[in-house]
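Structural overview for review
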Amino acid sequence: MRNFMNNLRNNFARFMYGRYGLDQMGRFMSNSLMVMLITSLVLSLIFGPTVVGQVLYYISLGLLIWMYFRMFSKNIYKRQMENVKFLELQRKYGGTFVKKWAHLKQRKTHVFFKCPSCKLKMRTPKGQGEKHVTCPKCGTQFTKRT
Ligand SMILES: [Zn+2]
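Residues numbered from 1 in each chain as written. Predicted model: local features only at pLDDT ≥ 70, side-chain atom pairs only at ≥ 80, totals over all residues. Heavy atoms only, no water.

Here the focus is the nonpolar core. Among the nonpolar cores identified, the biggest contains 10 residues, and these are M25, M29, L33, M36, L43, L56, L63, M67, M71 and F86. If you tally residues by element for this core, the top one is helix α2 (residues 24-47), at 5 residues. Aside from chain neighbours lying at most four places away, what touches M36 is L56, I59, S60 and L63. Counting 7 residues, the second-largest nonpolar core is a separate cluster that includes F113, C115, V133 and F142. (Core = buried A, V, L, I, M, F, W, Y, C linked by side-chain atoms within 4.5 Å. Buried < 20%, exposed > 50% of the residue type's maximum accessible area, 1.4 Å probe, protein only. Helix = DSSP H or I, 4+ residues; strand = E, 2+ residues; numbered from the N terminus. Contact = heavy atoms within 4.5 Å.)

Bringing the packing of aromatic side chains into the picture now. Applying the stated criterion across every chain, the model contains 5 aromatic pairs. Seen in terms of ring centroids, F15 and F72 are 5.2 Å apart; in terms of plane orientation they differ by 70°. Their pairing is edge-to-face. On the criterion of sequence distance, the pair formed by F15 in helix α1 (residues 2-16) and F72 in the loop between α3 (51-71) and α4 (76-106) is long-range, its members being 57 residues apart. By relative accessible area, F72 is classed as partly exposed at 27%. Judged by centre distance (6.0 Å) and plane angle (80°), the rings of F113 and F142 are edge-to-face. You can see F113 sitting in strand β1 (residues 110-114) and its partner F142 sitting in strand β4 (residues 141-145), a full 29 residues away along the chain. An aromatic cluster of at least three residues, connected via ring pairs, comprises F15, Y68 and F72. The positively charged end of R19 is found above the aromatic ring belonging to F15, 4.2 Å away from the centroid. (Phe/Tyr/Trp six-rings, centres within 6.5 Å; stacked < 30°, edge-to-face > 60°. Lys NZ or Arg CZ within 6 Å of the ring centre and 35° of its normal.)

With that settled, the discussion passes to the domain arrangement of the protein. Domain annotation for the protein reports domain 1 (2-106) and domain 2 (108-146). When each unit is reduced to the centre of its C-alpha atoms, the spacing between domain 1 and domain 2 is 42 Å. (Domains from an automatic or database assignment.)

Let us now look at the side chain of S40. Secondary-structure assignment places S40 in helix α2. S40 has contacts with G53, L56 and Y57, leaving out every residue within four places of it along the chain.

On to a nonpolar patch on the surface, then. Nonpolar side chains collect at one region of the surface, where M34, I38, L41, V42, L45, I46 and F47 lie side by side and expose about 750 Å² of accessible area between them. Among the structural elements, M34 can be located in helix α2. Judged by its relative accessible area of 44%, M34 falls in the partly exposed class. (Patch = residues over 30% accessible without salt bridge, like charges linked within 9 Å, V, L, I, M, F, W, Y side chains within 5 Å. Areas by Shrake-Rupley, 256 points an atom, 1.4 Å probe, with all protein chains shown as cover. Salt bridge = Lys/Arg side-chain N within 4 Å of Asp/Glu carboxyl O.)

Turning next to a positive patch on the surface. The grouping of K99, K114, K119 and K121 at the surface amounts to a positive patch. When you line up the elements, K114 lands in strand β1. (Lys, Arg positive; Asp, Glu negative; His and termini not counted. Charge placed at Lys NZ, Arg CZ, Asp CG, Glu CD.)

This paragraph deals with the environment of F113. Residue classification places F113 among the buried residues on the basis of a relative accessible area of 9%. In sequence terms F113 and Q54 are 59 residues apart; their C-alpha atoms lie 44 Å from each other. The contacts of F113, once residues within four sequence positions are left out, are L120, K121, M122, R123, T124, V133, F142 and K144.

What follows is the structure, encoded as structure tokens:
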């Protein structure tokens, strides 16, 4: 049995030799397709066949095929370029999404405002009444209702 497992591992290693494998883009695809697959499964368990469930199922299937295609691809340069582009997009949109989400979560407990002179963004906990604020960047003093 151990020999068999070793053989299997060796064969797989030989098969993967010179192929691209899993990068950040591949991991992202595999995570999102799992989420979509589980969502579609839960939807179908609760509501039976729904359009949304079907669409999610086919998108995750497509992602799965695309992910394996990239993993087993021998055009390593092209796949690396895709990954670079993906990381750029992730930095650009993922960052703003995470920031927006944090912002949204804090809106119940914090007040957000800008410095009237240099427009620096600041926040302070809610419910302190009139608060005297000194801008940490330009030193402008103003009051803010919280
Ligand atoms: Zn300022």
